[in-house]
Amino acid sequence: RVSQSDNVVYFYSATKGDSLVVRTALPYSDSLLQTLQVDWAYCLIIIIIAIVVNIIAFFAIKRIGLTINRLRDFATKAEDGTLDLSETYEFPQDELGDISALIVDMYINEQKLKKERDENIQAVMFEVQEKQRIKHQLTNNINHEIKNPVHAIQACLETMVNNEERLSREQMHELLEKSYGHVKQLSSLLHDISTITRITDASSKIECEEVNINNILSGLQKEMEMYPVEKRMRLILNVPDKMVINGNLGLIESIFTNLMSNALLYSGGRDIFITATDEGSCYMFVFADNGIGVDKEHLSKLFERFYRIDSGRSRKMGGTGLGLSIVKNAILFHNGDVKVSNRKQGGLQFTFTLQKK
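Residues numbered from 1 in each chain as written. Predicted model: local features only at pLDDT ≥ 70, side-chain atom pairs only at ≥ 80, totals over all residues. Heavy atoms only, no water.

Draft legend 1. Summary view of the overall build of the protein chain. The number of helices and strands found in the protein chain is 9 helices and 7 strands. Counting across all 357 residues of the protein chain, residues that qualify as buried make up 29%. For the protein chain, the exposed area adds up to about 24400 Å²; of that, 55% sits on carbon and sulfur atoms. (Helix = DSSP H or I, 4+ residues; strand = E, 2+ residues; numbered from the N terminus. Buried < 20%, exposed > 50% of the residue type's maximum accessible area, 1.4 Å probe, protein only. Areas by Shrake-Rupley, 256 points an atom, 1.4 Å probe, with all protein chains shown as cover.)

Draft legend 2. How the structure looks around the sheet that holds strand β2 (residues 234-238). What the 5 strands build is an open sheet, ordered β2-β4-β5-β7-β6; its pairing is mixed. Each edge of the sheet is formed by a strand with only one pairing partner; in this case those strands are β2 and β6 (338-342). Direction aside, neighbouring strands of the sheet carry axes that sit 15° apart on average. Sheet topology places β2 next to strand β4 (residues 271-278); 5 bridges connect them, and they run parallel. (Pairing = 2+ DSSP bridges. Axes fitted to C-alpha atoms, helices over the stretch in contact; angles between N-to-C directions.)

Draft legend 3. Quick look at the packing of helix α5 (residues 213-225) against helix α6 (residues 249-267). Between α5 and α6, whose axes approach to 10 Å, the crossing angle comes to 35°. The crossing of α5 and α6 is right-handed. In this structure, α5 uses Ile213, Ile216, Leu217, Leu220, Glu223 and Met224 to contact α6, whose residues at the interface are Leu249, Ile252, Glu253, Phe256, Thr257, Met260 and Leu264. (Left-handed = near helix turned anticlockwise from the far one by under 90°. Contact = heavy atoms within 4.5 Å.)

Draft legend 4. Quick peek at the nonpolar core. Ranked by internal contacts, the top residues of the largest apolar core, which has 41 residues, are Ile213, Ile255, Phe256, Ile272, Phe285, Phe287 and Phe352. Elements represented by at least two residues in this core include exactly α5, α6, β4, β5 (282-289), α9 (323-333), β6 and β7 (348-355). At 8 residues, α6 tops the list of elements feeding residues into this core. Aside from chain neighbours lying at most four places away, what touches phenylalanine 287 is Phe256, Leu259, Met260, Ala263, Ile272, Phe273, Ile274, Leu348, Gln349, Phe350 and Phe352. (Core = buried A, V, L, I, M, F, W, Y, C linked by side-chain atoms within 4.5 Å.)

Draft legend 5. Structural detail: α5. Under the 1.5 Å per step criterion, the end-to-end length of α5 is 19 Å for 13 residues, consistent within 8% with the ideal 18 Å. Restricting attention to buried positions, one finds in α5 the residues Ile213, Asn214, Ile216, Leu217, Leu220 and Met224. Seen end-on, α5 carries its buried residues on one side only, within an arc spanning 160°. Turned more than 90 degrees from where α5 packs its buried face, Asn215, Lys222 and Glu225 sit exposed. Sitting at the amino-terminal end of α5 is asparagine 212, which places a side-chain oxygen 2.9 Å from the backbone nitrogen of asparagine 214. (Expected span 1.5 Å × (residues − 1). Arc of directions from axis to C-beta. Polar contact = N/O pair within 3.5 Å; in protein donor to acceptor, adjacent residues only side chain to side chain.)

Draft legend 6. How the structure looks around the packing of α6 against α9. At a minimum axis separation of 9 Å, α6 and α9 run at an interaxial angle of 150°. Crossing of α6 over α9 shows left-handed handedness. In this structure, α6 contributes Leu251, Ser254, Ile255, Asn258, Leu259 and Asn262 to the contact, and α9 contributes Gly323, Leu324, Ile326, Val327, Ala330, Ile331 and Phe333. Of the residues in the contact of α6 with α9, the class split is 9 nonpolar, 4 polar and no charged. (Nonpolar A, V, L, I, M, F, W, Y, C, P; charged D, E, K, R; others polar.)

Draft legend 7. How the structure looks around the packing of aromatic side chains. All told, the structure shown has 6 aromatic pairs when counted by the stated rule. On the numbers, 6.5 Å between centres and 55° between planes, the contact of tyrosine 283 with phenylalanine 285 is tilted. Judged by centre distance (5.2 Å) and plane angle (15°), the ring pair of phenylalanine 285 and phenylalanine 352 falls under stacked. Within this pair, whereas phenylalanine 285 is found in strand β5, its partner phenylalanine 352 is found in strand β7, the two being separated by 67 residues in sequence. Residue phenylalanine 285 shares its accessibility class with phenylalanine 352, and that shared class is buried. In this arrangement the basic side chain of lysine 356 is found over the ring face of tyrosine 283, its NZ or CZ atom lying 4.8 Å from the centre. (Phe/Tyr/Trp six-rings, centres within 6.5 Å; stacked < 30°, edge-to-face > 60°. Lys NZ or Arg CZ within 6 Å of the ring centre and 35° of its normal.)

Draft legend 8. Structural view of the pairing of strand β3 (residues 244-247). Across the two faces of β3 the burial differs, with Ile245 and Gly247 buried and Val244 and Asn246 not buried at all. Bridge count between strand β1 (residues 209-212) and β3: 4 bridges; the pairing is antiparallel. Counted as the bridge partner of glutamate 210 is asparagine 246 from β3.

Draft legend 9. How the structure looks around the pattern of salt bridges. By the definition in use, this model includes 4 salt bridges. Between aspartate 118 and arginine 117 there is a salt bridge, with the nearest N and O atoms lying 3.5 Å from each other. The class for arginine 117 is partly exposed, based on a relative accessible area of 46%. (Salt bridge = Lys/Arg side-chain N within 4 Å of Asp/Glu carboxyl O.)

Dropping the structure here:
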């Protein structure tokens, strides 16, 4: 067929009989060859787009893989128990990374809470066991400490009863003095036991009020003047004019009286120095003497119950072995702390604080 518009033959056709048979052919011409030519610019654009898409896909897959690998590493450590809860796990800033970070944070927080709970349970169990141990030790020590004066009193009285006619008045008086001394020692021991038990086991029932510490120190000075000259020590005070705290009068008195008794009995010095400074929320005290001090290996044990550097000498001097333990517990009751050290100038020094409220 020939086109009527441009008189160019585009196809051929043929028919035969009742059935139609079509044969067509399109002749190649210059315009058709140009149409069918490869457009290399278009192909280059397609290739560039494909490369860019693959590069983007590569980095996207790599980013996802990094998140998955870190999450898998975290899960592996959590499973085998090698996970460090303080370690930080950083994930890419995308939706998958945010979800992974949230999962890790939730797990770590749960493990920290579980660890804290277990530590609290262990601490409570240890505290209960420690209290039982201390009570058991205290009971044994009390039995041991009470036996000595009781046996001594019993021996004196038996001697007086069995030898009443053969003992002179002087001997009877000497035995009575010994018995009286042991009774005083036993009374002091029972008083100290009552005090330390009250602090440790019934601290919530101890009443507090306004306590003027200056009055207590003035009382110490008057008490010192009542001692025999050969046993007396000079009490040197350097404290603020008015020191008032909210505390228990009896316990605060026990702090200073026990420290003074300790210095009188064991220091071997002639002076006691008490200084105090106002630290705002508390008062800081330094109680020191100019005696012989204590060997370094004993310093950390001085506050233990019934601990004695020289057991025989301590009992002979009338000490119960509970004085410094009462000091420490009374200071702790008033939310303070205490430490002991040897002075460079010689002697022992106790540094402690007492909270005002």
